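# Structural features, examined
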Amino acid sequence: MTNKIRLLFLTLTFTTTMFAQLSSHKKEAVNRVEMQYLLYTPTQNNEKSPLVVFLHGGAESDKDLNVAKAHGIPKRITEGKDFPFYVFAPLNPNKKGLWDDRTIHNMAMNLADSLPIDKKRIYLAGLSRGGDGIWRIAVNNPNTYAAMISVCAADIPMIYIKWAKNLPVWFFHGEKDAVVPVEQTKEAYNTLKKLNPNTKLTLYPNATHDSWTETYNNEAVYSWLLKQHL
């Protein structure tokens, strides 16, 4: 990659500050599609900090970057929560399309190169359609991410799940989910647990599709995540 192309790829266009250190950016992807994203910088920045890649659900896919803070980690930040890690939260511009996992992975790796990020502590987190996205990132890039939070993932590539056998995963799902069947999460958990004992499952007996609010409000989730490293 030439220096000119690399500089273009790494250029981040600052637009507005959404809350404290949560700022909005945009870049032009290789396929000429503009990718907007939120970037949270921890207020107490150590020499090197972890990075969490967070992918939202299908209902938030849009052109308006504000919707990317509707749920999960970005929502917690807008409510005033300080996290001890960077957060990269892109926006899926295609309302009915899946995440462009290759572009998201490349953007995350470039952020890891350009910011003081601990490359042994880069994590994946997503919900619903975002769960599908992080799973495709995980299986296509084994031994790159340190752990994953999989919340009611819309699709889990069971045929390739063994490629993620070294990845600690904590699964979450509502047992009354009528959008994404809980059976898929249970099957993925049972399969991965045989390959990696550092696999967890939390089922919410009374939750429907929204199993993310309780999950991302749970401080124990972040404590577990930050203990994982390559």
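What counts, and where the lines are drawn
- Residues numbered from 1 in each chain as written.
- Predicted model: local features only at pLDDT ≥ 70, side-chain atom pairs only at ≥ 80, totals over all residues.
- Heavy atoms only, no water.
- Core = buried A, V, L, I, M, F, W, Y, C linked by side-chain atoms within 4.5 Å.
- Buried < 20%, exposed > 50% of the residue type's maximum accessible area, 1.4 Å probe, protein only.
- Helix = DSSP H or I, 4+ residues; strand = E, 2+ residues; numbered from the N terminus.
- Contact = heavy atoms within 4.5 Å.
- Arc of directions from axis to C-beta.
- Polar contact = N/O pair within 3.5 Å; in protein donor to acceptor, adjacent residues only side chain to side chain.
- Phe/Tyr/Trp six-rings, centres within 6.5 Å; stacked < 30°, edge-to-face > 60°.
- Salt bridge = Lys/Arg side-chain N within 4 Å of Asp/Glu carboxyl O.

So, on to the nonpolar core. Counting 34 residues, the largest nonpolar core has Val53, Phe88 and Trp135 as its most contacted members. Of all the elements in the fold, those that place two or more residues in this core are strand S3 (34-40), strand S4 (49-55), strand S5 (86-90), helix H3 (101-114), strand S6 (117-127), helix H4 (129-140), strand S8 (169-174) and helix H5 (182-195). Apart from the residues lying within four places of it in its own chain, the contact partners of Trp135 are Met148, Ser150, Ala153, Asp155, Ile156, Pro157, Ile161, Ala164, Val169, Phe171 and Leu192.

What follows covers helix H7 (residues 219-227). Taken together, the buried positions of H7 are Val221, Tyr222, Trp224 and Leu225. Along the long axis of H7, the arc covered by the buried residues comes to 160 degrees, so they all point the same way. The N-cap of H7, judged by a side-chain oxygen 3.0 Å from the amide nitrogen of Ala220 a few residues on, is Asn218.

We now examine the packing of aromatic side chains. Counted according to the given criterion, the structure contains 11 aromatic pairs. Arranged with centres 5.6 Å apart and planes meeting at 75 degrees, the rings of Trp170 and Trp224 form a pair that is edge-to-face. Pair noted here: Trp170 is in strand S8 and Trp224 is in helix H7, with a separation of 54 residues, a long-range link. Comparing Trp170 with Trp224 shows no difference in burial state: the two are buried. Counting every residue linked through ring pairs, the aromatic cluster contains Trp170, Phe172, Tyr204 and Trp224.

Where charged atoms of side chains with opposite charge meet at close range, the side chains can pair. Under the criterion given, the structure shown has 7 salt bridges. Among the ionic pairs, Lys81 bridges to Glu219, the shortest N-O distance being 3.2 Å. Here Lys81, found in the loop between helix H2 (72-78) and S5, pairs with Glu219, found in helix H7; they are 138 residues apart in sequence, far enough to count as distant. Lys81 sits in the partly exposed class, given a relative accessible area of 25%. According to the relative accessible area criterion, Glu219 is partly exposed, its value standing at 35%. Linked through salt bridges whose partners overlap, the residues forming this network are Arg76, Lys81 and Glu219.

Another aspect to go through is the environment of His209. The residue His209 is located in the loop between strand S9 (199-204) and helix H6 (212-216) in this model. Of the residues examined, His209 reaches a relative accessible area of 16% and is grouped as buried. A C-alpha to C-alpha distance of 7.7 Å links His209 and His173, two positions 36 residues apart in sequence. When neighbours within four sequence positions are excluded, His209 is seen to be in contact with Ser128, Cys152, Asp177, Val179 and Val180.

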